Amino acid sequence: MEGEGWEPAAVVAVVTEPRFAQRYREYLEEEKLLHGQHRVQRMPDGTVALPVLGAGLPERHLSELSRRVAPGSTCRLARLLDPVPSKRAQSCSPAQRLCLQVSRWVASQGVTWSAALEADLPRSWQRHGNLLVLSEDCFKAEQWRNLEPELWATVASALGVQRLAKRGRVSPDGARTPAVTLLLGEDGWVERVDNGIRYTLDVTRCMFSFGNITEKLRVASLPCAGQVLVDLYAGIGYFTLPFLVHAAAAFVHACEWNPHAVVALRRNLELNGVLDRCQIHFGDNRKLKLSNIADRVNLGLIPSSEEGWPIACQVLRKDAGGILHIHQNVESSPGKVLQPPGSSEMEEEHWPCPQQIITNHRGSGATRDSRRKGLSVATKPEWRRWAESAETRIAALLQQVHGEAWKTQILHIQLVKSYAPHVDHIVLDLECRPCPLVG
């Protein structure tokens, strides 16, 4: 569940003269229309505003108030842009507030509230400023269909946002397009700030990876001054931007084939003032024409970036080589291992510094046995086996691509997050250098 505080959103209120306010209140309470999460407010002109549930009040209620409940009263609707939360609302959890508000509104629409409907309310969500993305496992009951679209205004008001969307399954289209439906609002563009970097994206078109914050922090601390990088799976700039903004990379070639992500990436480069130090390569990175240019290559694709390994070897500098940052999901047996707090897939809290899982500084003559001994006991055997297998295969690819032998060294294995039960998202830092000519 999101831990952010509640921020009141604009609500609709019925406005009348003070002497009629109590009669209005009694009627609205009887009809289950009064918005119990906001206080009755006095307006600048001396009138009184009584917040109501939903996006408005049907004409029959307005007529009833002005003609029968309080004859001669002025009755109009107004939007309270800065409603004051009631004491009860301030003491409720977001889930309790949502249940209370939706149940009252549903009852006002003539629908019987039930335990099944309550169980169908969301228990988790992601907040992006004034837009909230609901989880996919809510509002599935058929009864909700008859209450749309007014239902979404009530949900948004209860959770303190102006826009609402609902998440579905990620599309298996290679571009990881999220199946997010906008329920309330005109667009899905949002902005987030992570580690001083501004990211903007359309949540209905692109994904924002909350669980990767530890790796973004680690990337930001790498010594990249003067270096050229190739980011083979740039997305909206998750790693491209930390490399440029904090790690001081001289230039980044950012590859991305999702057109919506490319739009967001360009905006983000402009927002952070680094557009002049990045070239976007739109399309399939396997067809990339670059070669012999990179000091580092980032392969930030899961479950596997293996299809990008050949091109990663191709873009490394032939004279000096460089470092590959290879992301991978690795299946492993249950067991304790050092893991950064807050690194689960849905976590929104930012952990202040990256956890060093393995750091292995060696001479160029290290053997595979000595490399294995250099790995920290905090690692899992499955991680080590995969890293050593990847190292062997990358070495073969380098020789195939460049026509000569290269030496490789496992520098570091980083746990990013637990992706699923017994599946770990890790990053292998692999140093790749051409062998010096003999004679």
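Residues numbered from 1 in each chain as written. Predicted model: local features only at pLDDT ≥ 70, side-chain atom pairs only at ≥ 80, totals over all residues. Heavy atoms only, no water.

Comments concerning the overall build of the protein
A count of helical and extended segments in the protein gives twelve helices and 17 strands. Residues classed as buried in the protein amount to 52% of the 439 residues present. For the protein, long-range pairs separated by at least 24 residues make up 70% of all intrachain contacts whose partners lie at least 6 apart in sequence. When the accessible surface of the protein is summed, it comes to about 19900 Å², and 50% of that surface belongs to carbon and sulfur atoms. (Helix = DSSP H or I, 4+ residues; strand = E, 2+ residues; numbered from the N terminus. Buried < 20%, exposed > 50% of the residue type's maximum accessible area, 1.4 Å probe, protein only. Contact = heavy atoms within 4.5 Å. Areas by Shrake-Rupley, 256 points an atom, 1.4 Å probe, with all protein chains shown as cover.)

Description of the sheet that holds strand E16 (residues 406-420)
Taken in spatial order, the seven strands line up as E13-E12-E11-E14-E15-E17-E16 in an open sheet, and their pairing is mixed. Every interior strand has two partners, whereas the edge strands, strand E13 (278-282) and E16, have only one. Direction aside, neighbouring strands of the sheet carry axes that sit 20 degrees apart on average. The sheet contact formed by strand E14 (residues 296-299) and strand E15 (residues 322-331) spans four bridges and is parallel. (Pairing = 2+ DSSP bridges. Axes fitted to C-alpha atoms, helices over the stretch in contact; angles between N-to-C directions.)

Overview of the confidence of the model for the protein
When pLDDT is averaged along the protein, the result is 85; 85% of the residues meet or exceed 70. Every residue in residues 1-8 scores below 50 in pLDDT, and together they form 24 contacts with partners more than four places removed in sequence or on other chains. A low-confidence stretch, residues 336-377 (pLDDT under 50), is modelled with 87 contacts involving residues beyond four sequence positions or located in other chains. (pLDDT = per-residue confidence, 0-100.)

Observations regarding the sheet that holds strand E1 (residues 11-16)
Taken in spatial order, the four strands of this open sheet run E2-E3-E1-E4, and their pairing is antiparallel. The open sheet has two edge strands, strand E2 (41-42) and strand E4 (76-80), and neither has a second partner. Here E1 runs beside strand E3 (residues 48-51); their pairing, made up of four bridges, is antiparallel. What sits directly across from Thr 16, in E3, is Val 48. In the packing of helix H1 (residues 21-30) onto the sheet, the strands contacted are E1 and E3, and the crossing angle to E3 comes to about 10 degrees.

Thoughts on the state of the cysteines
A full pass over the atoms with the stated rule returns zero disulfides. Cys 278 carries a free sulfur, and the closest cysteine sulfur to it, the one in Cys 255, is 9.3 Å from it. Here Cys 278 falls in the buried class, since its relative accessible area comes to 9%. (Disulfide = S-S within 2.5 Å.)

Quick word on the pattern of salt bridges
Per the stated rule, a full pass over the model turns up 16 salt bridges. With a closest N to O distance of 3.4 Å, Glu 29 and Arg 25 form a salt bridge. A residue pair is termed a helical-turn pair when its members lie 3 or 4 positions apart in one helix, as Glu 29 and Arg 25 do in helix H1 at four residues. Here Arg 317 and Asp 295 are joined by a salt bridge, their closest N and O atoms 2.9 Å apart. Here the residue Arg 317 occupies a position in the loop between helix H10 (309-315) and E15, and Asp 295 occupies one in the loop between E13 and E14, the gap between them amounting to 22 residues. (Salt bridge = Lys/Arg side-chain N within 4 Å of Asp/Glu carboxyl O.)

Considering the side chain of Thr 240
For Thr 240, the location among the structural elements is in helix H8 (residues 240-245). For Thr 240, the contacting residues outside a window of four places in its chain are Asp 231, Ala 234, Val 252, Ala 254, Leu 269 and Cys 278.

Topic: the pairing of E3
Of the two faces of E3, the one holding Val 48 and Leu 50 and the one holding Ala 49 and Pro 51 are both buried throughout. Counting the residues that bridge the hairpin from E2 to E3 gives five residues, and of these Gly 46 lies at a positive phi of roughly 95 degrees.

A few points about the packing of aromatic side chains
The full count for this structure, using the stated rule, is three aromatic pairs. Centre to centre, the rings of Trp 113 and Trp 144 are 6.2 Å apart; their planes meet at 65 degrees, and the pair counts as edge-to-face. Within this pair, whereas Trp 113 is found in the loop between helix H4 (94-108) and helix H5 (115-119), its partner Trp 144 is found in the loop between strand E6 (131-134) and helix H6 (150-159), the two being separated by 31 residues in sequence. Residue class for Trp 113 comes out partly exposed when judged on its relative accessible area of 23%. Under the relative-accessibility criterion, Trp 144 is labelled buried at 0%. Pairwise contacts between aromatic rings join Trp 113, Phe 139, Trp 144 and Trp 152 into one cluster. The ring of Trp 189 has Arg 267 lying over it, and the distance from NZ or CZ to the ring centre is 3.7 Å. (Phe/Tyr/Trp six-rings, centres within 6.5 Å; stacked < 30°, edge-to-face > 60°. Lys NZ or Arg CZ within 6 Å of the ring centre and 35° of its normal.)

Brief notes about unusual backbone geometry
Here the bond from Glu 148 into Pro 149 is cis, since omega is 0 degrees, no more than 30 degrees from zero. Among the secondary structure elements, Pro 149 is positioned in the loop between E6 and H6. Omega for the bond connecting Ile 302 with Pro 303 falls within 30 degrees of zero, at 10 degrees, which places this linkage in the cis form. Along the polypeptide, Pro 303 turns up in the loop between E14 and H10. You will see that Phe 139, though not glycine, has its phi angle at about 50 degrees, which is positive.

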